[in-house]
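Working through the structure, step by step
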Amino acid sequence: NAGVTQTPKFRILKIGQSMTLQCTQDMNHNYMYWYRQDPGMGLKLIYYSVGAGITDKGEVPNGYNVSRSTTEDFPLRLELAAPSQTSVYFCASSTGTGVSNQPQHFGDGTRLSIL
Amino acid sequence: KNEVEQSPQNLTAQEGEFITINCSYSVGISALHWLQQHPGGGIVSLFMLSSGKKKHGRLIATINIQEKHSSLHITASHPRDSAVYICAVRQETSGSRLTFGEGTQLTVNP
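Here's a quick rundown of the structure. (Residues numbered from 1 in each chain as written. Chains lettered and ligands numbered in written order. Predicted model: local features only at pLDDT ≥ 70, side-chain atom pairs only at ≥ 80, totals over all residues. Heavy atoms only, no water.)

**Remarks on the layout of surface pockets**
So the rule is basically this: Put simply, the grid is 1 Å and covers the protein atoms alone, a cavity is a trapped set of points that fit a 1.4 Å probe, a pocket is an open set with protein on both sides within 12 Å along at least five of seven lines, and lining residues have an atom within 4 Å of a point. Grid points are joined across faces, edges and corners, and a volume is the space filled by probe spheres set on the points. By definition, any uninterrupted DSSP run of H or I lasting at least four residues is a helix, any uninterrupted run of E lasting at least two residues is a strand, and each is numbered from the N terminus.
Its boundaries defined by the atoms lining it, the largest pocket holds a volume of some 670 Å³. What lines the largest pocket is a set of 30 residues, among which Gln37, Val88 and Arg111 of chain A together with Gln37 and Val84 of chain B lie closest to the centre. Where the lining of the largest pocket is concerned, the elements lending two or more residues are β9 (87–94) and β11 (110–114) of chain A together with β9 (83–91) of chain B. Take the lining of the largest pocket: its biggest share by element is four residues, from β11 of chain A.

In structure tokens form, the structure reads like this:
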């Protein structure tokens, strides 16, 4: 199993450009998450999804959009890139809550620079 | 004040030393996670606990729910343990979402 796969690994954008960060998982997890990690800061939740067709905002959703048309894929869209969106982005998935209380599985990250 | 506080922020040790990283939180939780972020950036889950103590190899994680505090211990530390260690909590009111500490950068010198 590949686990959680993120593409691309690195990207440089100009201010105002748009792009989509791809995330796919092959573990049949219902829950998926997008985080950003800024230097010296803890991971911040951007958006999350509890299943196909269901998404919700996290702590820092402004400037981003997501969709969840399938269980496997959870792309993150930046419509008008701004320098404040320079960060490392992580996608994660889990089976969700409940007695099992499973851990989150993380992708390797996408390092995004907006210039 | 952050809901999850880790200490120290940075820690340098000599190979073989016993390491302790601390995590304090200010909210009600259903679980606490310890994660390891490798120098290359990848993040892996080390432990998930809601009470007591868990051990995996040279790593031990403990939690005291009454004191809202957890510790991660590394025995016989090795340079390959050098990484950022992250504490995260699953709050009682937030479903599956995690709130993260800022991480502790550990460097183990040979």
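**Considering the interface of chain B and chain A**
Quick note on the threshold: Whether two residues are in contact is decided by their heavy atoms, any of which lying within 4.5 Å being enough. By buried area we mean how much accessible surface two parts lose on assembly, using a 1.4 Å probe and totalling the loss over both. By convention in these notes, a salt bridge is any Lys or Arg side-chain nitrogen within 4 Å of a carboxyl oxygen on Asp or Glu. Polar contact is defined as a pair of N or O atoms within 3.5 Å, subject to the rule that within protein one atom must be able to donate a hydrogen and the other to accept it, and that residues adjacent in sequence are counted only when both atoms are side-chain atoms. All residues other than Ala, Val, Leu, Ile, Met, Phe, Trp, Tyr, Cys, Pro, Asp, Glu, Lys and Arg, Gly among them, are scored as polar; the first ten of these are nonpolar and the last four charged.
With 19 residues of chain B at the contact, the number on the chain A side is 19 residues. The contact between chain B and chain A buries some 1600 Å² in all, and 57% of this surface belongs to carbon and sulfur atoms. At the boundary of chain B with chain A, the tally comes to zero salt bridges. At the junction of chain B with chain A, the criterion picks out one residue pair in polar contact (both at pLDDT 80 or more). Those elements giving two or more residues to the side of chain B that touches chain A turn out to be β4 (29–37), β5 (43–49), β9 and β10 (98–100) of chain B. Among the elements that line the side of chain B that touches chain A, the one with the most residues is β4 of chain B, at five residues. When the residues that make up the side of chain B that touches chain A are grouped by side-chain class, the tally is seven nonpolar, nine polar and three charged.

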